[in-house]
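# Structural overview
So the chains spell out like this:
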There are 2 protein chains.
Amino acid sequence: MSYLRSDAFKSFRPTKASIPPSLRPGLRMKPPAKDMVCVHPLNPLDFLLRAAQIYPEKLAIVHPDTPTPVFYTYSVWTQRVQNLAYALIQAGIKPGDRVAVIAPNSPMIADTNFGVMAARAIPNLINTRLKPSDVEYILEHSQSKLILVDHACAHLVKNSPLPKILCNDTGREEGDPYEAFLTGGRKFSQERGWSGLESESDENAGAMLCYTSGTTGRPKGVITTLRGSYLAAIANAYDNQMNYDTNYLWILPMFHAAGWTYPWANTFSFSTQITLRNVDFDLIWNHLLNSDVTHYCGAPTVQIGVVNHPKAQKPPRPVKAIIAGAAPTAHLLGKLEEIGITPIHVYGLTKTYGPFTRSYAQPFWRDLSLEERSKLVARQGHSFATASEVRVIKPPKDEDDETVEDVPRDGQTMGEIIMSGNIVMKEYLGDSEATRKAFRGGVFHSGDLAVVHPDGSVAIMDRSKDIIISGGENASSLAIEQELSSHPHVLEVAVIARTHPKWGERPHAFVILHPQHEKTWASKPSAFADDLKKHAKDKLPGFACPEWVEVVPELPKTSTGKIMKHELRKRVAKL
Amino acid sequence: MSYLRSDAFKSFRPTKASIPPSLRPGLRMKPPAKDMVCVHPLNPLDFLLRAAQIYPEKLAIVHPDTPTPVFYTYSVWTQRVQNLAYALIQAGIKPGDRVAVIAPNSPMIADTNFGVMAARAIPNLINTRLKPSDVEYILEHSQSKLILVDHACAHLVKNSPLPKILCNDTGREEGDPYEAFLTGGRKFSQERGWSGLESESDENAGAMLCYTSGTTGRPKGVITTLRGSYLAAIANAYDNQMNYDTNYLWILPMFHAAGWTYPWANTFSFSTQITLRNVDFDLIWNHLLNSDVTHYCGAPTVQIGVVNHPKAQKPPRPVKAIIAGAAPTAHLLGKLEEIGITPIHVYGLTKTYGPFTRSYAQPFWRDLSLEERSKLVARQGHSFATASEVRVIKPPKDEDDETVEDVPRDGQTMGEIIMSGNIVMKEYLGDSEATRKAFRGGVFHSGDLAVVHPDGSVAIMDRSKDIIISGGENASSLAIEQELSSHPHVLEVAVIARTHPKWGERPHAFVILHPQHEKTWASKPSAFADDLKKHAKDKLPGFACPEWVEVVPELPKTSTGKIMKHELRKRVAKL
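Everything quoted here is computed from the prediction, not taken from an experiment.

## Points about the relation of the copies chain A and chain B
With an RMSD of 0.1 Å, the operation that places chain A on chain B is a rotation of 180° combined with a shift of 0.0 Å along the axis. The transformation just described matches what one would write down for a two-fold rotation axis. In terms of C-alpha distance to the rotation axis, chain A has Tyr238(A) as its closest residue, with the C-alpha 2.7 Å off the axis. Both copies share a contact surface, since 100% of the interface residues of chain A are interface residues in chain B too.

## Let's talk about the pattern of salt bridges
Residues and elements named next belong to chain B. If you walk through the whole model with that rule in mind, you get 54 salt bridges over all chains. Note that Arg80 is salt-bridged to Glu179, the shortest N-O span being 2.8 Å. Here Arg80 is found in helix 2 (residues 74–90), whereas its partner Glu179 is found in helix 5 (residues 177–189), with 99 residues between them in sequence. Assessed through its relative accessible area of 1%, Arg80 is described here as buried. Its salt-bridge partner being Lys394, residue Glu405 comes within 2.9 Å of it at the nearest N-O pair.

## Describing the pairing of strand 4 (residues 122–125) of chain A
All names here are of chain A. Burial of the side chains of strand 4 extends over both faces: Ile122 and Asn124 are buried on one face and Pro123 and Leu125 on the other. As defined by bridge partners, strand 3 (residues 98–102) adjoins strand 4 across four bridges and the pair is classed as parallel. Counted as the bridge partner of Arg98 is Ile122 from strand 4. In terms of handedness, the path from strand 3 via helix 3 (residues 107–118) over to strand 4 forms a crossover that is right-handed.

## Considerations on the interface of chain A and chain B
At the junction of the two partners, chain A supplies 57 residues and chain B supplies 57 residues. Buried area between chain A and chain B, summed over both chains or domains, comes out near 4,700 Å², and the portion from carbon and sulfur atoms is 51%. Counting every contact that joins chain A to chain B gives two salt bridges. Across the pair Arg227(B) and Glu203(A) runs a salt bridge whose closest N-O atoms are separated by 2.9 Å. Taken together, the links from chain A to chain B amount to 28 residue pairs in polar contact (both at pLDDT 80 or more). For the side of chain A that touches chain B, the secondary-structure elements that each account for two or more residues are helix 1 (45–54), helix 6 (226–239) and strand 15 (382–383) of chain A. Of the residues that constitute the side of chain A that touches chain B, the class distribution is 29 nonpolar, 16 polar and 12 charged.

## A closer look at the packing of aromatic side chains
Summed over all chains, the structure comprises 26 aromatic pairs over all chains. Ring geometry for Trp77(A) versus Phe114(A): centroids 5.4 Å apart, planes at 85°, classification edge-to-face. Of this pair, Trp77(A) sits in helix 2 (residues 74–90) while Phe114(A) sits in helix 3, and the two are 37 residues apart along the sequence. Each member of the pair Trp77(A) and Phe114(A) is classed as buried. An angle of 80° between the planes, with centres 6.0 Å apart, marks the rings of Phe270(A) and Tyr360(B) as edge-to-face. One end of the pair, Phe270(A), is in the loop between helix 7 (262–268) and strand 10 (272–275); the other, Tyr360(B), is in the loop between strand 14 (354–358) and helix 11 (370–377), on a second chain.

## Focus on the domain arrangement of chain A
Here chain A is partitioned into domain 1 (44–191 + 202–275), domain 2 (389–465) and domain 3 (467–573). Relative placement of domain 1 of chain A and domain 3 of chain A: their C-alpha centres are 39 Å apart.

## Quick notes on unusual backbone geometry
All names here are of chain A. At Trp260, a position not held by glycine, the phi torsion is positive, near 55°. Tracing the chain through its elements places Trp260 in the loop between strand 9 (247–250) and helix 7. Not every positive phi belongs to a glycine, and Asp292 is a case in point at roughly 55°. Looking at the secondary structure, you find Asp292 in the loop between helix 8 (281–290) and strand 11 (295–298). Accessibility expressed as a relative area gives 17% for Asp292, which makes it buried.

Rules used throughout
- Residues numbered from 1 in each chain as written.
- Chains lettered and ligands numbered in written order.
- Predicted model: local features only at pLDDT ≥ 70, side-chain atom pairs only at ≥ 80, totals over all residues.
- Heavy atoms only, no water.
- Least-squares fit on C-alpha atoms with pLDDT ≥ 70 in both.
- Contact = heavy atoms within 4.5 Å.
- Salt bridge = Lys/Arg side-chain N within 4 Å of Asp/Glu carboxyl O.
- Helix = DSSP H or I, 4+ residues; strand = E, 2+ residues; numbered from the N terminus.
- Buried < 20%, exposed > 50% of the residue type's maximum accessible area, 1.4 Å probe, protein only.
- Pairing = 2+ DSSP bridges.
- Right-handed = clockwise from strand over helix to strand, strands pointing away.
- Buried area = accessible area lost by both parts, 1.4 Å probe.
- Polar contact = N/O pair within 3.5 Å; in protein donor to acceptor, adjacent residues only side chain to side chain.
- Nonpolar A, V, L, I, M, F, W, Y, C, P; charged D, E, K, R; others polar.
- Phe/Tyr/Trp six-rings, centres within 6.5 Å; stacked < 30°, edge-to-face > 60°.
- Domains from an automatic or database assignment.

Put into structure tokens, the structure is as follows:
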């Protein structure tokens with residue numbers, strides 16, 4: 001089965017009313033009033049209009065794994081985006097309004113990454129795995145004016161009084177309200193095209209709204225800017241050498257930190273995006289083997305699923321796997337490289353448009369063993385192409401401490417990672433107090449604890465709340481996980497602090513065994529615990545060795561593959 | 001002879017006083033006061049500081065072809081740039097001041113592309129091929145405060161009353177005033193490092209000053225911005241896939257349109273720059289064959305010199321040749337591709353930081369003949385990665401006409417190319433009237449005449465002053481040159497208008513014969529003229545066929561390889 005190589009898409013044409021007779025003239029928005037000819041507000045929307053000018057017939061969006069597959073060229077996609085903008089304006093959406101979007105990866109959510117912006121409104125991308133009550137909170141808090149909702153997520157908003165546009169993800173006008181919405185937008189436009197839409201004159205205007213999952217307390221709404229989105233997207237396109245020949249597979253949900261700006265990075269690159277509704281490793285391998293995929297993003301847990309799949313083998317083209325959310329282990333790096341997938345470790349937050357740092361390979365790494373190298377790759381590294389310098393400062397005394405003082409570059413002194421500059425968020429929506437705290441001292445406080453090595457690379461030791469204070473020593477749960485995962489029978493591991501009568505806290509390790517070793521330890525979990533503890537003692541100081549080892553069939557994870565340590569903490573609290 | 005592969009550079013260390021014991025801490029300038037944490041002024045200086053952080057030991061500048069070769073790592077180079085900034089401040093240079101720089105490609109001019117900026121001053125890069133009187137005019141008009149001058153250019157400024165720092169291009173402190181200047185800067189810094197230098201808070205502040213050669217009238221001083229330089233440089237780095245493995249050969253002079261932003265694009269990419277003092281094809285081929293060169297820039301005349309050199313053969317690594325200044329001919333394209341050099345045709349002006357458009361290859365080009373394809377490659381194409389849309393408008397009635405009205409996309413209607421957005425210059429220094437005229441209607445008027453093809457690509461027909469009005473028809477001198485150059489015996493050709501008693505004007509062609517065919521026509525120039533006219537008649541309308549054909553041994557060219565048509569016009573005016 002070959003997707004991009006097949007002629008399948010040629011036999012399909014999307015809703016006729018969505019396609020204008022000729023697109024090319026007038027791919028230009030009404031320009032903002034200008035102070036200076038030489039200053040044009042940065043806006044990722046320009047990427048789409050440029051792509052549609054240069055490569056109108058290039059495939060932009062491919063959505064093949066549904067009963068009614070759709071394939072949109074840049075020309076057609078740009079028209080759909082334009083229709084969406086007009087439809088939103090017709091529905092009363094004003095500049096700065098929030099438009100809620102709840103959908104898995106699909107053409108509809110891809111449309112909104114540009115179309116809502118083209119109406120100068122802000123897409124509020126909502127995590128599809130939330131509970132209805134959380135969704136309700138976000139809709140209210142964001143004061144969203146309208147909901148664009150995929151059919152699979154309709155139950156999440158069924159009690160909302162807001163106007164809803166249901167998308168059945170068919171690409172056909174008949175029976176698909178979203179498609180009818182677009183067609184309505186086109187009619188409303190009266191063929192004024194892009195020149196009937198006003199471009200945003202303030203590059204620091206809000207671009208996207210993403211609520212962070214928030215392990216404690218209510219989710220907070222992160223507002224990013226057009227300028228930041230533009231610069232972060234270019235950095236991702238540049239740093240991963242994306243171009244006309246790039247085929248990007250959407251495994252990472254687009255709603256997660258605005259898809260790390262890849263919706264725009266791909267468009268800047270004239271690449272082809274393949275949208276996968278769900279993380280289905282069978283389908284992922286179909287695409288890796290048959291669709292000439294060159295790039296995908298995912299947390300380590302996703303990557304583990306990729307390399308351990310029975311179909312895993314060398315794909316026909318070299319693939320770059322961008323990894324964030326946690327550091328990849330030596331085992332994972334080795335497995336990926338074995339099948340020709342180049343792992344790229346980046347680090348960032350929703351508040352930094354995804355990647356803010358990257359582990360940049362040094363020439364001497366070539367001479368290291370896989371295990372030595374993996375320790376360097378696991379570092380968060382140096383600042384990303386358009387980011388300002390990442391820094392680690394002495395931990396603040398409290399949430400009002402404005403002091404910004406760098407820790408020494410000794411690889412030992414732990415401090416808090418701070419960021420600043422163009423790819424840091426603008427603010428928390430409607431929460432000036434949280435914004436003030438996050439930005440105190442004129443920098444963004446990440447809440448991640450790290451050291452700086454003599455070469456200037458930063459390495460996260462922990463989230464401040466994940467640190468284990470064992471016998472008065474600070475033990476990094478991440479460092480412990482890194483060492484435990486080097487045990488050949490460990491597939492995945494999570495370490496948390498558990499109360500200890502003598503030491504205050506001690507590490508508790510949750511372990512998933514590698515499938516081929518499950519049987520070995522099936523009836524003797526305590527023997528495995530002993531074996532792993534012995535392995536740990538050779539590698540870790542005593543206070544960092546796990547006191548408890550628990551073999552589990554799976555770990556609780558967020559929709560984006562992050563391990564939910566707060567769930568594990570709840571579990572041990574009951575013990 | 002192998003340069004980059006050799007260990008030669010390891011045995012050499014530049015002036016000891018220029019190298020600090022440890023560079024890494026404090027590669028951060030004093031930050032500007034901030035309105036918003038998320039807005040950091042765009043400034044290419046950030047590229048250098050980031051490169052020195054991530055790859056301090058990577059070779060940044062290689063200058064091997066002198067009696068005292070020098071090799072600077074990013075770490076050392078960054079220190080030299082810092083020293084230069086302090087030295088300038090010590091010399092009384094204030095923010096916004098102009099510092100004149102007259103030098104061929106060399107480490108000194110490379111330093112100034114960052115070091116003058118680090119002092120918040122503006123480098124005034126002066127063409128080394130100008131006459132002393134022109135240099136004098138520029139120095140006065142720019143109100144430059146200081147001159148940094150290479151020993152080979154000292155005669156150009158010997159009458160100037162300004163303070164001068166002579167550079168003997170040795171990299172040694174003894175007997176090289178420039179090196180002593182840097183050392184003085186270091187002493188003056190009192191080891192405050194980058195944190196003792198203030199970063200520019202206004203990204204629209206002047207970045208560079210380049211005087212355009214001006215075929216008529218006095219040269220005009222183009223002021224660009226930090227924001228534009230940042231965005232244009234990233235576009236060049238992205239679009240030509242430059243990265244850590246890039247070895248860039250400096251054939252294009254850095255003083256020409258600020259080296260098309262490649263001083264910054266290279267630094268953004270962590271690449272290695274090899275500086276060539278002169279366009280010496282023997283040396284160029286030494287580097288193409290032995291230094292693993294991957295990229296270089298040059299006008300077609302330079303490229304002709306490259307492909308026709310006796311050493312021409314397939315270099316060990318794929319090479320990208322970026323071509324601007326005129327369109328490459330089919331012959332040149334074919335020759336370049338034959339030896340594994342990929343030609344990339346871009347178009348722009350000093351006022352647009354070099355490249356503003358590029359001829360983007362389309363998949364169907366693969367199926368075309370070389371000649372058909374070369375006609376498409378020769379188009380100026382579509383807008384560059386961070387440029388706003390390039391447009392062609394109905395020619396203005398006069399220099400006060402503010403009308404901006406696009407010509408139809410018919411490939412026939414000629415109009416004027418206009419540009420706007422972030423990679424358009426800020427202004428002409430001290431000439432508000434010329435600035436107003438250039439920016440009338442809120443767009444930049446290029447003075448180039450072009451058509452727009454149905455696919456949106458633009459194709460230059462001529463400079464407005466180069467058009468030939470023959471029998472009332474507009475004949476494009478470029479189109480005629482393109483056709484004449486397809487004659488197998490033509491190496492290079494230039495066509496201008498010559499007064500004609502009956503037709504008003506008629507084309508006059510100056511031709512350089514291909515060396516291997518020189519003998520064929522040696523004693524019979526009129527036979528060649530007949531042969532070429534016959535060739536032209538098959539391809540061009542009658543009014544565009546050359547009335548006169550003149551075989552010449554060489555063509556008058558600017559230092560950057562552009563043919564000086566005004567010189568040719570002077571010549572025919574005398575006939």
